[in-house]
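# A structural walkthrough
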Amino acid sequence: MKIVPIAFESLGVRSQATFLETPDLKILVDPAVSLAPRRYGLPPHKLEVEKLLELARSVKEYAEEADVLIITHYHYDHHDPGFVIPRDIYKGKKVFIKDPNSFINASQGKGRAPRFLNSIKGLPDSVQPADGKEVVLGHTKIRFSCPVLHGADEKMGYVIQVAVSDGDETVMFTSDIEGAPKEMHVKFTQEVKPSTLIIDGPLSYMLGYALTEEQFNAAMNNLEKIVKQGLTTMIVDHHLVRDQRYREIISSLKSKVKEVNANVVTAAEYLGREENPLESRRKELFSESNEPAKLPRGVAELLKGGG
Ligand SMILES: [Zn+2]
Ligand SMILES: [Zn+2]
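Reading the values: rules and limits
Every chain is numbered independently, its residues counted from 1 as its sequence is written. Here the convention is simple: chains get letters from A, ligands get numbers from 1, in the order in which they are written. Owing to the predicted nature of the model, reporting of local features is limited to residues with pLDDT of at least 70; listing and counting of side-chain atom pairs is limited to 80 or more, with chain, interface and lining totals taken over all residues. Each side-chain value is derived from all of the structure's non-hydrogen atoms; neither hydrogens nor water enter the calculation. Numbering goes from the N terminus for both helices and strands, where a helix is a DSSP run of H or I of at least four residues and a strand is a run of E of at least two. Any helix carries an expected span of 1.5 Å times its number of residues minus one. Think of it in three bands: with a 1.4 Å probe and only protein chains considered, a residue is buried below 20% of the maximum accessible area for its type, exposed above 50%, and partly exposed in between. Note that the arc is computed from the directions linking the helix axis to the C-beta atoms. Working rule for contacts: check all heavy atoms of both residues, and any pair within 4.5 Å makes them a contact. The rule for donors is simple: N, O or S, within 2.8 Å of the metal, or within 3.2 Å if the metal is Na, K or Ca. Water isn't counted, so a site may look like it is missing partners. Only four donors with every angle between 85 and 135 degrees are called tetrahedral; only four or six donors with opposite donors over 155 degrees apart and all others between 65 and 115 are called square planar or octahedral, in that order; all others are irregular. Salt bridges are defined as contacts in which a side-chain nitrogen from Lys or Arg sits within 4 Å of a carboxyl oxygen from Asp or Glu.

The subject of this paragraph is helix α1 (residues 46–65). Between its first and last C-alpha atoms α1 spans 30 Å; for 20 residues at 1.5 Å apiece the expected length is 28 Å, and the two agree. All buried positions along α1 are accounted for by E48, V49, K51, L52, L55, A56, V59 and A63. For α1, the angular spread of buried residues about the axis comes to 155°, placing them on one side. Residues of α1 that are exposed and point more than 90 degrees away from the buried face comprise R57 and E61. On the buried face of α1, the contacting elements are β1 (2–8), β2 (16–22), β3 (25–29), β4 (68–71), α7 (282–288) and α8 (297–304).

Attention now moves to the coordination of the zinc ion (ligand 1). Within the protein, the zinc ion (ligand 1) binds to H73 (NE2), H75 (ND1), H150 (NE2) and D176 (OD); these donor distances fall in the range 2.1 to 2.2 Å. Taken together, the 4 donor atoms surrounding the zinc ion (ligand 1) define angles of 92 to 166° at the centre, an arrangement classified as irregular. Read in sequence order, the donor residues for the zinc ion (ligand 1) give the motif H-x1-H-x74-H-x25-D. A separation of 3.7 Å is found between the zinc ion (ligand 1) and the zinc ion (ligand 2), both of which receive a donor from D176. Residue H75 is located in the loop between β4 and β5 (94–97), and its partner H150 is located in the loop between β9 (148–149) and β10 (158–159); the two are separated by 75 residues in the primary sequence. Judged by relative accessible area, H75 falls into the buried class, the value being 11%. Assessed through its relative accessible area of 2%, H150 is described here as buried.

Below, the discussion takes up helix α3 (residues 183–192). Structurally, the α-helix is built with 3.6 residues per turn, so residues lying three or four positions apart point the same way. All of the buried residues along α3 are H185, V186, F188, T189 and V192. Each buried residue of α3 lies within a common arc of 155° when the element is viewed along its axis, so the set occupies one face. Its buried side turned inward, α3 meets β8 (140–144), β9, β11 (162–165), β12 (170–173), β13 (196–199) and α4 (213–228). The first or second residue beyond α3 is K193, which carries a positive phi of 45°.

Here we take up the pattern of salt bridges. In the structure shown here, the tally under the stated rule is 25 salt bridges. Measuring nitrogen to oxygen at the nearest pair gives 2.8 Å for the salt bridge that ties D131 to K98. Placement of D131 in the loop between β6 (126–129) and β7 (134–137) and of K98 in the loop between β5 and α2 (106–119) is noted, with a sequence separation of 33 residues between them. According to the relative accessible area criterion, K98 is buried, its value standing at 0%. Across the salt bridge formed by K228 and E224, the nearest N and O atoms sit 2.8 Å from each other. Taken together, the residues K228 and E224, both in helix α4 and 4 residues apart, mark about one turn of the helix. You can call K228 partly exposed: its relative accessible area is 34%.

Here is the structure:
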């Protein structure tokens, strides 16, 4: 299966947008890009905004090619009601979404999901809540997990995980589970047995604030367990790469799983590109050139919404 990580933290923005192509179906999971409104007390740097607009164009191009678009939950780094990616990408597509009416927190269920669904009204060929469902399109099977926690508790709501099988192999996308701190996050990987897993990793840059040491250790142990279940490749990126120490954390995971010969990489590494984790380098970017970005209107609205 062709796997293209389009936009991720290691490529310079907040996103997990991924294009998957089987012999008979093209799928784009989470067509959106975002930035941290504030990091180290600083607004986005000019280079980050340029990268956001560049990767928004890539997401749009891949989305136009796709037959199926999937939205795993309603945070702005996973869906876009028209801020920087045109709503036209939904025209004529089959759209599978996280159920907006159950297992959802207030900000997503009452605010963002209805706004998004309203913004794409009339455009897609179909829009279907996908939680826990299985869909067969030609020779491609798409399985969606039941809703699982966005991290260790209910505060951030729920996401659905996605597994795509083409008969030869299964590629799985975890969405925002914050590196699998709970048994429920591991369960779907045990059911679908992916060879490649795209996972977000723990919010280790928030250690001591939004993440406890215990939750971090639970996530690291589960990542180890998941790799040892028989993965060929784990693309670990998104939340983890917001941390300046992500290299050390990936190295320590790699040393724990070295007997199984799995490939543990960031999205940039997977693509053979140089890593460009702009958000974690924001302080340096400002010390190299003090250029706060002039924000185009869509970007300003996106960041006002919480990034
Ligand atoms: Zn999220
Ligand atoms: Zn996210």
